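Below, each chain spelled out in residue letters.
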Amino acid sequence: MTKPPMLTAQQALDHLLSHAKPVVECEKIAMQATLGRVLAENVDSLVDVPPLDNTSMDGYAVRTADTQVTGRVLRIAQRIPAGSIGTTLEPGTAARIFTGAPVPPGADAVVMQEDCAIPDGSTDQVQVNIAPASGQWIRRRGEDLTTGKTCLAAGTFLRPQELGVAASAGLTHLNVKRRVRVAAFFTGDELALPGEPLKPGGIYNSNRDTLLACLKSLGCDATDLGIVPDRLDATREALRKASKDHDLIITSGGVSVGEEDHIKPAVTAEGRLDLWQIAIKPGKPLAFGAVRKSDEPKDGEAWFIGLPGNPVSSFVTFLLFVRPFILKLQGREAKSPQSYLMRADFDWLKADRRNEFLRVKLNNNDGLDLFPNQSSGVLTSASWGDGLVDCPPNQPIKAGDLVKYIPFDALLK
Ligand code: AMP
Ligand code: MG
């Protein structure tokens, strides 16, 4: 019997994303608590920003009709600091004005103080040494935000600058999508938590910290369901528990088809499963499916993604597959992560049949260095590295070649 061909990364991702549906529930929360959330509705500004035409420079507000000739001397008739309002500027006068202060009626330009001089001995006169164009250094009322107009659209992911825009628009609370709820557990009889004694052959559970931190950096509510022994009944029980109150279950380990790998039969018994061999390295086996919420039939099912146990494989498959799935659940665009064409300062001649993701680091010559040990068990490669080189199948890399580089930073938000 011939084995079915392995899926490409793109085919597997398309399949995953065709299932993911954005969460619909939302909540109104204090604006300052919305960093990393997704807007559930448009935000309309409550005010004009700026509220009035104002100056973007310290200097003098003038009528350009008075300053067609350079060197004109004007009487300083008023002084307008930010936060106060001037009076109509009479012909032949100037207003001393400071950044952010409203331009007085009648003035149609601001001359910055560096372009002016105070005549010797004068306390109330200014000499204007340029002929300003009408509108110079004036920021127009509403040029940033307009009352009643949408300034942030539903579906926007809220970064620090969006919080600033919402504050500028006068909002105290925003209606955002609820957080995506993800339960995670980690299979393996060999696993112990740091701080616990290691039995012979035991290792510390590193995937727990890597994956929970990945979930946090994506803004998920993550539930840690701990280490689950390599037994079918324990795995089924963990799945039932995880399906409660969660949108997605992720697991590490046990997704191969050895007799110590119980994920496949457990998910099949508690829901449904596709187990894929994806033509990528690291991270060939990936399981995708759903687990019934058995005690709450009306609530349907929780999605399931089973990651391989090797620490680099689970990290890389999280970034490539779980992350876009979560982005879509969050109502964000699950577009491909930003990548850059960069120069490889290394040879990678043993190209694989699979699409490889190599751990690399930016060097001081704007090139990429390769971590010498690319084993899927060597997690220090990911910690040493700044990102991944997406290396197509069967394509060796020679030093000097341009390669597709994906920084980790782009994959962790
Ligand atoms: P598995 O996918 O369960 O066959 O595990 C593959 C390899 O990853 C084995 O060497 C495991 O010991 C290791 N491994 C599995 N789970 C973890 C974990 N949570 N943390 C660190 N290593 C793990
Ligand atoms: Mg295992």
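A. The arrangement of the overall build of the chain in detail. On a plain count of helices and strands, the chain comes out with 8 helices and 26 strands. Relative to a compact globule of 413 residues, whose C-alpha radius of gyration would be 22 Å, the chain shows 30 Å and is clearly more extended. Taken over the C-alpha atoms alone, the chain extends approximately 95 × 55 × 45 Å along its principal axes. Looking at the 413 residues of the chain, the share that counts as buried comes to 46%. By sequence separation, contacts in the chain at least 24 residues apart represent 70% of the contacts at least 6 residues apart. When the accessible surface of the chain is split by element, carbon and sulfur atoms take 51% of a total near 20000 Å². Of the charged side chains in the chain, 46 are positive and 49 negative, and the gap between their average positions amounts to 3 Å.

B. Highlighting the site of ligand 1. Taken together, 14 residues lie around ligand 1, and E190, N205, G254, G309 and N310 are the ones closest in. A distance of 2.6 Å separates an oxygen atom of ligand 1 from a polar atom in the side chain of E190. A distance of 2.9 Å is found between an oxygen atom of ligand 1 and a backbone nitrogen or oxygen belonging to G254. Burial of ligand 1 by the protein chains amounts to 76% of its free accessible area of 490 Å². The residue inventory of the shell around ligand 1, partitioned by class, reads 4 nonpolar, 9 polar and 1 charged.

C. Molecular detail of empty space enclosed by the protein. The final tally for this structure, using the stated rule, is 1 cavity of 30 Å³ or more. What the largest cavity holds in volume is close to 70 Å³. What lines the largest cavity is simply G36, R37, V38, K177, R178, R179, V180, G219 and Q330. Within the lining of the largest cavity, the residues separate by chemical class into 2 nonpolar, 3 polar and 4 charged.

D. Representation of the layout of surface pockets. Its boundaries defined by the atoms lining it, the largest pocket holds a volume of some 480 Å³. Along the walls of the largest pocket sit 14 residues, with R323, R332, E333, K335 and K413 positioned nearest its centre.

E. Structural detail: the side chain of K177. Within the secondary structure, K177 sits in strand β12 (residues 173-177). From its side chain, K177 meets the backbone oxygen of V23 in a polar contact 3.2 Å long. If sequence neighbours within four positions are ignored, K177 has contacts with P22, V23, E25, C26, R37, V38, A40, Q330 and G331.

F. Summary view of the sheet that holds strand β6 (residues 93-97). One open sheet accounts for 6 strands, arranged β7-β4-β6-β5-β9-β8; its pairing is mixed. Taken across any chain shown, the strands that pair with only one partner, and hence form the sheet edges, are β7 (109-112) and β8 (116-117).

G. Region of the structure containing the sheet that holds strand β18 (residues 271-277). Reading across the sheet, the 6 strands line up as β16-β13-β17-β21-β20-β18 and stay open at both edges, with mixed pairing between neighbours. The open sheet has two edge strands with one neighbour each: β16 (221-228) and β18. Going across the sheet, the axis of each strand differs from the next one's by a mean of 15°, ignoring polarity. Where strand β20 (residues 285-292) meets strand β21 (residues 301-307), 6 bridges bridge the pair, whose relative direction is antiparallel. Bridged to A290 within β21 is W303. In this fold helix α3 (residues 206-217) packs onto β13 (181-187), β16, β17 (248-252) and β21, with an angle of close to 170° to the strand it touches most, β13. Helix α6 (residues 311-329) rests against β13, β17, β20 and β21 of the sheet, and its axis sits at about 160° to β21.

H. The packing of aromatic side chains, seen in detail. Enumeration according to the criterion identifies 6 aromatic pairs in this entry. Centre to centre, the rings of F288 and W303 are 5.8 Å apart; their planes meet at 15°, and the pair counts as stacked. Within this pair, whereas F288 is found in strand β20, its partner W303 is found in strand β21, the two being separated by 15 residues in sequence. In this structure an aromatic cluster arises from ring pairing among W276, F288, W303 and F325. Positioned above the aromatic ring of F157, the side-chain terminus of R332 is 3.6 Å from the ring centre. Directly above the aromatic system of W384 lies the positively charged group of K361, at a separation of 5.2 Å from the ring centroid.

I. Region of the structure containing unusual backbone geometry. Cis geometry marks the peptide bond from V49 to P50, where omega comes out at -5°. Inspection of the secondary structure assignment puts P50 in the loop between β2 (43-44) and β3 (54-55). Omega for the bond connecting K281 with P282 falls within 30 degrees of zero, at 0°, which places this linkage in the cis form. Within the secondary structure, P282 is located in the loop between β19 (280-281) and β20. In this model, W137 sits at a positive phi of 60°, which is unusual for a non-glycine residue. A relative accessible area of 32% means that W137 is categorised as partly exposed. Of note in this structure, N394 is not a glycine but carries a positive phi near 55°. Tracing the sequence through the fold places N394 in the loop between β25 (387-391) and β26 (402-407). Looking at N394, the relative accessible area reads 51%, which means it is exposed.

Conventions we followed
- Residues numbered from 1 in each chain as written.
- Chains lettered and ligands numbered in written order.
- Predicted model: local features only at pLDDT ≥ 70, side-chain atom pairs only at ≥ 80, totals over all residues.
- Heavy atoms only, no water.
- Helix = DSSP H or I, 4+ residues; strand = E, 2+ residues; numbered from the N terminus.
- Rg over C-alpha atoms; globule rule 2.2 N^0.38 Å.
- Buried < 20%, exposed > 50% of the residue type's maximum accessible area, 1.4 Å probe, protein only.
- Contact = heavy atoms within 4.5 Å.
- Areas by Shrake-Rupley, 256 points an atom, 1.4 Å probe, with all protein chains shown as cover.
- Lys, Arg positive; Asp, Glu negative; His and termini not counted.
- Charge placed at Lys NZ, Arg CZ, Asp CG, Glu CD.
- Near = heavy atom within 4 Å.
- Polar contact = N/O pair within 3.5 Å; in protein donor to acceptor, adjacent residues only side chain to side chain.
- Nonpolar A, V, L, I, M, F, W, Y, C, P; charged D, E, K, R; others polar.
- 1 Å grid on protein atoms, 1.4 Å probe; cavity = no way out; pocket = protein on both sides within 12 Å on 5 of 7 lines; lining within 4 Å.
- Points joined across faces, edges and corners; volume = space filled by probe spheres on them.
- Pairing = 2+ DSSP bridges.
- Axes fitted to C-alpha atoms, helices over the stretch in contact; angles between N-to-C directions.
- Phe/Tyr/Trp six-rings, centres within 6.5 Å; stacked < 30°, edge-to-face > 60°.
- Lys NZ or Arg CZ within 6 Å of the ring centre and 35° of its normal.

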